[in-house]
Number of protein chains: 2
Amino acid sequence: MLIAEPLQIAIDELSKLPSIGKKTAQRLALHLLKQNIEDVEILANSLLDLKTKLRFCKICFNISTDEVCDICSSTKRDRNTICVVEEASDIIAIEKTNEYNGLYHVLGGVLSPLSGQGVESLHIKELLERVNDEKPAEIILAVNPDTEGEATSLYLAKLLKQFNVKVTRIARGLPMGGDLEFADEATIGRAVLNRTGL
Amino acid sequence: MLIAEPLQIAIDELSKLPSIGKKTAQRLALHLLKQNIEDVEILANSLLDLKTKLRFCKICFNISTDEVCDICSSTKRDRNTICVVEEASDIIAIEKTNEYNGLYHVLGGVLSPLSGQGVESLHIKELLERVNDEKPAEIILAVNPDTEGEATSLYLAKLLKQFNVKVTRIARGLPMGGDLEFADEATIGRAVLNRTGL
């Protein structure tokens, strides 16, 4: 046997993780083998705690330690705006900007019939119920500006027409620090179309 | 709090691993959060097993489930040759070639005074004892062909002169499939110097 069995098992398990190939998995496993057992225990327990101590907020599906997440239960947030995102990680990204103080709603993906992601597998029904119950003034669609994200936005906008709510989409244009010369045509076209007054 | 505490802890622990940055750690933690608890348990246990089920062979310091590793205890290996490598992962790399059937000796690093890796922290004393006891015919120095590896090779070759043993170094030259045009001068120079008959 070339590689000791417990090492091979750890390599196989690590290489199931996204963006971790066989070689990286081997390097990680050999690195852990050299660490103190206490440090490996802390890592292993932190991974188990992800599943035992965390759950999804029953209102917005954000990651939370409680039944309702910090954002949904906060009294300091503007309850008139709901920002719709694909994943909970997008909430972290938007929160880091300090530009938004409303509520969120995590879809859990985008419509993608080819990869079997249909309307039922996303939290769309829950979003419509929230809009009906909470009556927010504005829904910001902040899904990624790729083909599937655009299709999902259009679909959601259509569904939301039945409510008395303003539906907006986060701006698409040149990224800050970007360069016209190196941007693709679709981005430049959108940036010209959506130009803003100074 | 922007990120729930158990998630932040898992991200911090994952980003302590080599080649895993904060962003990758966040992606991995969010990925695990979506998996079944059983799968996360299998991963966490496989990491713990690395420390509880594996140890280093008392003869060659290879990774092993027993006190003496499979290679050292095998009756099919040529006991006249010891191949000296930096890390146990190098044994895996050499074994995969099927070109070598001798024994190994893992140094546990190379001499690198700047990063505090001195003679005492490597398994050099144990190598000399093995050569003295086992009286092999040849020692192959297979440490990496970088500055520190070359220095370590020279140091080991000098120490091994006291024994009646042939000391060799793995060949340095152009990699298979390589291209003269794109190789560096040191490699081409070494390839010319170490040319072999056809």
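Notes on the structure in this doc start here. What you see is a predicted model; the values in this text were computed from it and never measured.

1. Some words on the packing of aromatic side chains
Where two aromatic rings form a pair, the distance of their centres and the angle of their planes describe that pair. All names here are of chain B. Tallying each qualifying case throughout the model produces two aromatic pairs over all chains. Taking the centre distance of 5.2 Å and the plane angle of 65° together, the rings of Tyr100 and Tyr104 count as edge-to-face. Overall, the relative accessible area of 15% leaves Tyr100 in the buried class.

2. Some points on the interface of chain B and chain A
Across the contact, 51 residues belong to chain B and 52 residues belong to chain A. The shortest N-O distance in the salt bridge between Glu87(A) and Lys34(B) comes to 2.9 Å. Going through the elements one at a time, helix 1 (5–14), helix 2 (22–34), helix 3 (37–53) and helix 5 (88–97) of chain B are the ones with two or more residues in the side of chain B that touches chain A. Here the side of chain B that touches chain A takes 14 residues from helix 3 of chain B, the largest share from any one element.

3. Concerning the pairing of strand 3 (residues 81–85) of chain A
All names here are of chain A. In terms of burial, strand 3 is largely enclosed, as five of its five residues are buried. With burial as the criterion, each face of strand 3 is covered, one bearing Thr81, Cys83 and Val85 and the other bearing Ile82 and Val84. Relative to strand 5 (residues 138–141), strand 3 runs parallel, the two being bridged by four bridges. Following the sheet pairing, Val84 is matched in strand 5 by Leu141. Sheet analysis places strand 3 next to strand 4 (residues 103–106), joined by four bridges and oriented parallel.

4. Regarding the environment of Asn98(B)
Within the fold, Asn98(B) resides in the loop between helix 5 and strand 4 (103–106). As for Asn98(B) and Asn144(B), which are separated by 46 residues in sequence, their C-alpha atoms are 19 Å apart.

5. Regarding unusual backbone geometry
Its identity as a non-glycine residue notwithstanding, Phe61(A) has a phi of 70°, on the positive side. Mapped onto the elements, Phe61(A) comes out in the loop between strand 1 (55–56) and strand 2 (63–64). Despite not being glycine, Ser19(B) shows a phi value in the positive range, around 70°. Here Ser19(B) shows up in the loop between helix 1 and helix 2.

Here is what the cut-offs are and how they apply
Residues numbered from 1 in each chain as written. Chains lettered and ligands numbered in written order. Predicted model: local features only at pLDDT ≥ 70, side-chain atom pairs only at ≥ 80, totals over all residues. Heavy atoms only, no water. Phe/Tyr/Trp six-rings, centres within 6.5 Å; stacked < 30°, edge-to-face > 60°. Buried < 20%, exposed > 50% of the residue type's maximum accessible area, 1.4 Å probe, protein only. Contact = heavy atoms within 4.5 Å. Salt bridge = Lys/Arg side-chain N within 4 Å of Asp/Glu carboxyl O. Helix = DSSP H or I, 4+ residues; strand = E, 2+ residues; numbered from the N terminus. Pairing = 2+ DSSP bridges.

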